Amino acid sequence: MKIELKLEDKNGVFELLNENNDIVGELTFMLKEEQMLINHTGVNPELRGQGFAEKLVLEAVEYARKNHLKIIPFCSYVSVYVGKHPEVQDVI
């Protein structure tokens with residue numbers, strides 16, 4: 001599995017791709033000033049429970065750190081994740 005970033009103006013998506021380059025998960029966001037508004041995280045049902053959603057979130061966290069952005073989690077998965085992981089509080 002690999003993760004690719006696609007940006008179009010202020011809208012972005014981290015796509016989780018399988019070995020056939022099929023999209024099997026995604027984390028979508030909007031950029032607004034110095035904020036990254038994450039509005040959706042999803043992984044194909046047959047792949048859930050394998051840590052792929054967490055990998056997408058961590059990719060977003062790294063992107064936010066590199067670009068000096070603060071994450072605003074509108075996505076329930078991301079909200080719960082950042083509440084349980086103090087190591088990502090620097091971007092919240």
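Now for a description of the structure that goes with this document. Nothing here was measured: the structure is a model prediction, and the numbers come from that model.

Rules used in this analysis
- Residues numbered from 1 in each chain as written.
- Predicted model: local features only at pLDDT ≥ 70, side-chain atom pairs only at ≥ 80, totals over all residues.
- Heavy atoms only, no water.
- Pairing = 2+ DSSP bridges.
- Helix = DSSP H or I, 4+ residues; strand = E, 2+ residues; numbered from the N terminus.
- Axes fitted to C-alpha atoms, helices over the stretch in contact; angles between N-to-C directions.
- Contact = heavy atoms within 4.5 Å.
- Salt bridge = Lys/Arg side-chain N within 4 Å of Asp/Glu carboxyl O.
- Buried < 20%, exposed > 50% of the residue type's maximum accessible area, 1.4 Å probe, protein only.
- Arc of directions from axis to C-beta.

1. Details of the sheet that holds strand 2 (residues 11-17)
The 5 strands are arranged 1-2-3-4-5 in an open sheet whose pairing can be described as mixed. Of all the strands in the sheet, just strand 1 (2-8) and strand 5 (70-73) have a single pairing partner and so form its edges. On average, each strand axis in the sheet is tilted by 25° relative to the strand beside it, whichever way the strands run. Bridging between strand 1 and strand 2 involves 7 bridges; their strand directions are antiparallel. Following the sheet pairing, glutamate 8 is matched in strand 2 by asparagine 11. Across the face of the sheet, helix 1 (residues 52-66) comes into contact with strand 1, strand 2, strand 3 (23-32), strand 4 (35-43) and strand 5 while running at roughly 165° to strand 4.

2. Notes on the pattern of salt bridges
Applying the stated rule across the entire model yields 4 salt bridges. Ionic pairing is found between arginine 65 and glutamate 62, a salt bridge with its closest N-O pair at 2.8 Å. Of this pair, arginine 65 and glutamate 62 both sit in helix 1, 3 residues apart, roughly one helical turn. Judged by relative accessible area, which is 30%, arginine 65 ranks as partly exposed. A relative accessible area of 37% places glutamate 62 in the partly exposed class.

3. Considering helix 2 (residues 76-84)
Looking only at helix 2, the buried set comprises Val78, Tyr81 and Val82. Projected onto a plane normal to the axis of helix 2, the buried residues spread over an arc of 90° and lie on a single side. When the buried face of helix 2 is taken as reference, the exposed residues oriented beyond 90 degrees from it are Ser76, Gly83 and Lys84. Of the surrounding elements, those touching the buried residues of helix 2 are strand 3, strand 4, helix 1 and strand 5.

4. Considerations on the pairing of strand 2
For strand 2, the buried fraction is high: 6 of the 7 residues fall into the buried class. Adjacent in sequence and paired antiparallel, strand 1 and strand 2 are bridged by 2 residues, among which aspartate 9 carries a positive phi angle near 60°. Note that strand 2 and strand 3 share 7 bridges and pair antiparallel. Of the residues in strand 3, the one forming a bridge with glycine 12 is phenylalanine 29. Here strand 2 hands over to strand 3 after 5 residues, with asparagine 21 in that stretch at a positive phi of 65°.

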